[in-house]
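# Summary of structural features
For reference, the chains in residue letters:
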Amino acid sequence: VSATTRPRSDSEREGEDYYFVSIDQFENMLQSGAFLENAEVFGRHRYGTPKEPVEAALAAGQVMLLDIDVQGGIQVRRNMPGALMIFILPPSDEELHRRLQDRGRDDAEAIDRRYNEAKREIRLARQSGAYDHFIVNDDLDLAVREATAIIRQARSGQVA
């Protein structure tokens, strides 16, 4: 569960969807080294993955899946060089734009901003060297099977 400085919506639950913290709380967590990764998104709100739960789960032999942006992925690669990094791609720019529209949560300006940011992140992901695998999510079941196979291979010690 990530921490964020953005306001909680009516449908979200503290500690389940996010830890909703003040800017000062976030800054204190950042200064104390509590985050595995953190980012400011769209210049508006800050997000961070608390380090302790990730480290505890890994120490217990569990798989941890982080749903984070490229900034965070690059930080995780730097902070945990042995992490298995998978980037999920849309099948095309057109499909990316359609999916953003179909969410039904944003106006046209926000959709365009998210679209342009997603394209920038895809370029950065490819150029950064932070990711071990790229999976195209054209068919969700197939993409899940592919990610699962990559994770199983890595856990068994085989080269993925």
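The preceding data block contains the structure.
Residues numbered from 1 in each chain as written. Predicted model: local features only at pLDDT ≥ 70, side-chain atom pairs only at ≥ 80, totals over all residues. Heavy atoms only, no water.

Counting through the fold element by element, Arg77 comes out in helix 3 (residues 70–79). At a separation of 2.9 Å, a polar atom in the side chain of Arg77 contacts the main-chain carbonyl oxygen of Ala83. Excluding anything up to four places from it in sequence, Arg77 contacts Gly82, Ala83, Met85, Ala130 and Asp132. (Helix = DSSP H or I, 4+ residues; strand = E, 2+ residues; numbered from the N terminus. Polar contact = N/O pair within 3.5 Å; in protein donor to acceptor, adjacent residues only side chain to side chain. Contact = heavy atoms within 4.5 Å.)

The subject of this paragraph is the packing of helix 4 (residues 93–102) against helix 5 (residues 108–128). Close contact between helix 4 and helix 5 brings their axes to 10 Å; oriented N to C, the two are set at 140°. Overall, the two elements helix 4 and helix 5 adopt an arrangement that is oblique. Taken as a pair, helix 4 and helix 5 cross one another with a handedness that is right-handed. Residues Asp93, Leu96, His97, Leu100 and Gln101 of helix 4 touch helix 5, and the partners they reach there are Ile111, Asp112, Arg114, Tyr115, Ala118 and Lys119. (Axes fitted to C-alpha atoms, helices over the stretch in contact; angles between N-to-C directions. Parallel < 35°, antiparallel > 145°, perpendicular 65-115°, else oblique. Left-handed = near helix turned anticlockwise from the far one by under 90°.)

Time to look at the sheet that holds strand 1 (residues 3–4). Across the sheet, 4 strands lie side by side as 2-1-4-3; this open sheet has mixed pairing. The strands lining the two open edges of the sheet, one partner per strand, are strand 2 (19–20) and strand 3 (35–41). Judged from the 2 bridges that link them, strand 1 and strand 2 form a sheet pairing that is parallel. Looking across to strand 2, one finds that Thr4 is bridged to Phe20. Across the sheet, helix 2 (residues 51–59) is in contact with strand 3 and strand 4 (45–50); its angle to strand 4 comes to roughly 30°. (Pairing = 2+ DSSP bridges.)

Helix length check: helix 6 (residues 140–155), at 16 residues, gives a terminal C-alpha distance of 22 Å against a target of 22 Å (1.5 Å per residue), a fit within 8%. Buried within helix 6 we find Ala143, Ala147, Ile150 and Ile151. Buried residues of helix 6 fall within an arc of 95° about the axis and therefore sit on the same side. For helix 6, the exposed residues lying more than 90 degrees away from the buried face are Asp141, Arg145 and Arg152. Where helix 6 is buried, its residues meet strand 5 (86–89) and strand 6 (133–136). Between the side-chain oxygen at the start of helix 6 and the backbone nitrogen of Asp141 there is a gap of 3.1 Å, and the oxygen is on Asp139. Phi for Gly157, located one or two positions after helix 6, is positive at around 90°. (Expected span 1.5 Å × (residues − 1). Buried < 20%, exposed > 50% of the residue type's maximum accessible area, 1.4 Å probe, protein only. Arc of directions from axis to C-beta.)

Before going further, it helps to spend a moment on the pairing of strand 3. Where burial is concerned, most of strand 3 is hidden: 5 out of the 7 residues are buried. In this sheet, strand 4 lies alongside strand 3 in antiparallel orientation, the contact comprising 6 bridges. Of the residues in strand 4, the one forming a bridge with Val41 is His45. Taking the residues that link successive antiparallel strands as the turn, the strand 3-strand 4 hairpin has 3 residues, and the phi of Phe42 there is positive, at about 55°.

Attention shifts here to the pattern of salt bridges. All told, the structure shown has 11 salt bridges when counted by the stated rule. Put simply, Arg6 and Glu12 hold a salt bridge, and the shortest N to O gap is 2.4 Å. Under the relative-accessibility criterion, Arg6 is labelled buried at 18%. Look at Glu12 and you get buried, because its relative accessible area is 11%. Among the salt bridges present, the one from Arg120 reaches Glu117, with a minimum N-O distance of 2.7 Å. In this pair, Arg120 and Glu117 both sit in helix 5, 3 residues apart, roughly one turn of the helix. Through salt bridges with shared partners, a single ionic network connects Glu95, Arg98, Arg99 and Asp102. (Salt bridge = Lys/Arg side-chain N within 4 Å of Asp/Glu carboxyl O.)

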